[in-house]
Amino acid sequence: MRNLLIDQIREDGYAVVDDFLSPDEVQELLEAGKNLHKDAPKEERKVFSTINSKTSQSRDRYFIESGDKIRYFFEEGSVGENGELLVDPSVALNKVGHALHSEHPVFTKVTMSNRVKEVCWQLGFQTPAVAQSMYIFKNPGIGGEVKSHQDATYLYTEPSTTIGFWIPLEDATLQNGCLHFIKGSHKSGVHRRYIRNPDASSPELLIYDRPAPLYPQSNFVAVPVKAGSLVLIHSQAVHRSDANRSDRSRHAYTFHVIETEGCEYSAENWLQPAEDRPFPVLYERDP
């Protein structure tokens, strides 16, 4: 596994592991995810969008302080002007994050499993820790587009060691919004950063440090995968997903692993560990 995974990530910026989770494990995560909406707040529903800059995550502490909590973010088209739901609650959420890996037992079991530790070991991590996690709904008809981006834009480290673990809990297809990658794009550095605003007087708590790069759409390769697969994503690999225009949902669970040994996690990143709760470590490799 080691050479194949490392070689593919080094060459393409991503790798796919088939049948990473069993059907029973997929079903358990899927059921837990489908029930998350029951705990979503009834007031002050927060909308999340990677496309519309007018949504509130850049100026909202509900988002910026979610590193050790389970927080709920709604689809842009699901909430009316007065905060009322325009769709059924079961399909209203965009995502739930960013500490499912530590605050929800079903997701903790998978994230901290020996299987995940083995992948990290094979990838050469010395002291890996889980920085954040998300359940992404991508519900039919309303599941929004995720713009072209690098994960390092949001979770920047020196050197760049972060790996995303993306696990579809339903088949990810061309029709319902599978991932698309630009192969080899991870070799071109970090193109943009999303950082804490150094201007304390600004209402914008988070800002981008430069304009969005333009990526030719013809450069992207679609990567449809079966439920229970694992897609490993280099933090500098450019990827995106289209809106879900099908009649089938595309639920997925994803989390990011960072290296804590000989690697600096940027203090400018939007996501910071709580002072009394560092990112949970998966293992420490013996020297």
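Shown above is the structure to which this text applies.
Residues numbered from 1 in each chain as written. Predicted model: local features only at pLDDT ≥ 70, side-chain atom pairs only at ≥ 80, totals over all residues. Heavy atoms only, no water.

A.B. asks: Which parts of the structure should I look at to understand the overall build of the protein chain?
C.D. replies: Of the regular secondary structure elements, the protein chain holds six helices and 16 strands. For the protein chain, the spread of C-alpha atoms along the principal axes amounts to about 55 × 45 × 40 Å. For the protein chain, with 287 residues in total, the buried portion stands at 54%. Nonlocal contacts in the protein chain, meaning residues at least 24 apart in sequence, comprise 82% of its contacts between residues at least 6 apart. Counting only carbon and sulfur atoms, one obtains 49% of the accessible surface of the protein chain, whose full area is about 13,400 Å². Here the protein chain carries 31 positive and 40 negative side-chain charges, and the mean point of each set is 3 Å from the other. (Helix = DSSP H or I, 4+ residues; strand = E, 2+ residues; numbered from the N terminus. Buried < 20%, exposed > 50% of the residue type's maximum accessible area, 1.4 Å probe, protein only. Contact = heavy atoms within 4.5 Å. Areas by Shrake-Rupley, 256 points an atom, 1.4 Å probe, with all protein chains shown as cover. Lys, Arg positive; Asp, Glu negative; His and termini not counted. Charge placed at Lys NZ, Arg CZ, Asp CG, Glu CD.)

A.B. asks: I keep staring at helix H2 (residues 23–34) and nothing clicks. Help me out?
C.D. replies: Along an α-helix, residues three or four apart share an orientation, since each turn contains 3.6 residues. Helix length check: H2 (twelve residues) gives 16 Å between terminal C-alpha atoms against 16 Å at 1.5 Å per residue, within 8%. Residues of H2 that are buried include every one of Val 26, Leu 29, Leu 30, Ala 32 and Gly 33, and no others. Down the axis, H2 shows its buried residues gathered within 165° of arc, on one side only. Projecting away from the buried face of H2 at angles above 90 degrees are the exposed residues Pro 23 and Asp 24. (Expected span 1.5 Å × (residues − 1). Arc of directions from axis to C-beta.)

A.B. asks: What is the right way to look at unusual backbone geometry in this model?
C.D. replies: What is expected of a backbone is that most residues other than glycine have negative phi and most peptide bonds are trans. Look at the link from Gly 97 to His 98: it is a cis peptide, with omega at 15°. Take His 98: it is sitting in strand E4 (residues 93–98). In this structure, the amide linkage connecting Glu 158 to the following residue, Pro 159, adopts the cis form with an omega of -10°. Along the chain, Pro 159 turns up in the loop between strand E7 (157–158) and strand E8 (163–168). Positive phi, normally seen in glycine, also occurs at Lys 138, with a value near 45°.

A.B. asks: So what exactly am I meant to see when it comes to the pattern of salt bridges here?
C.D. replies: Close approach of charged atoms allows side chains of opposite charge to pair. The full count for this structure, using the stated rule, is ten salt bridges. The salt bridge involving Glu 11 is made with Lys 187; its shortest N-O contact spans 3.9 Å. Of this pair, Glu 11 sits in helix H1 (residues 2–12) while Lys 187 sits in the loop between strand E9 (179–181) and strand E10 (194–196), placing them 176 residues apart in sequence. By relative accessible area, which is 48% here, Glu 11 ends up partly exposed. Note on Lys 187: relative accessible area 55%, which makes it exposed. Of the charged contacts, one joins Arg 210 and Asp 209 as a salt bridge, the two residues approaching to 2.8 Å between their closest N and O atoms. (Salt bridge = Lys/Arg side-chain N within 4 Å of Asp/Glu carboxyl O.)

A.B. asks: How should the sheet that holds strand E12 (residues 221–223) be read in this particular structure?
C.D. replies: Strand pairs in the sheet, formed through backbone hydrogen bonds, run parallel or antiparallel to each other. Pairing is antiparallel in the open sheet, where four strands are placed in the order E6-E14-E9-E12. Of all the strands in the sheet, the pair left with one neighbour each is strand E6 (146–149) and E12. Taking each pair of neighbouring strands and ignoring which way they run, the sheet shows an average axis angle of 25°. Bridge count between E6 and strand E14 (residues 239–241): two bridges; the pairing is antiparallel. Paired with His 149 across the strands is His 239, a residue of E14. (Pairing = 2+ DSSP bridges. Axes fitted to C-alpha atoms, helices over the stretch in contact; angles between N-to-C directions.)

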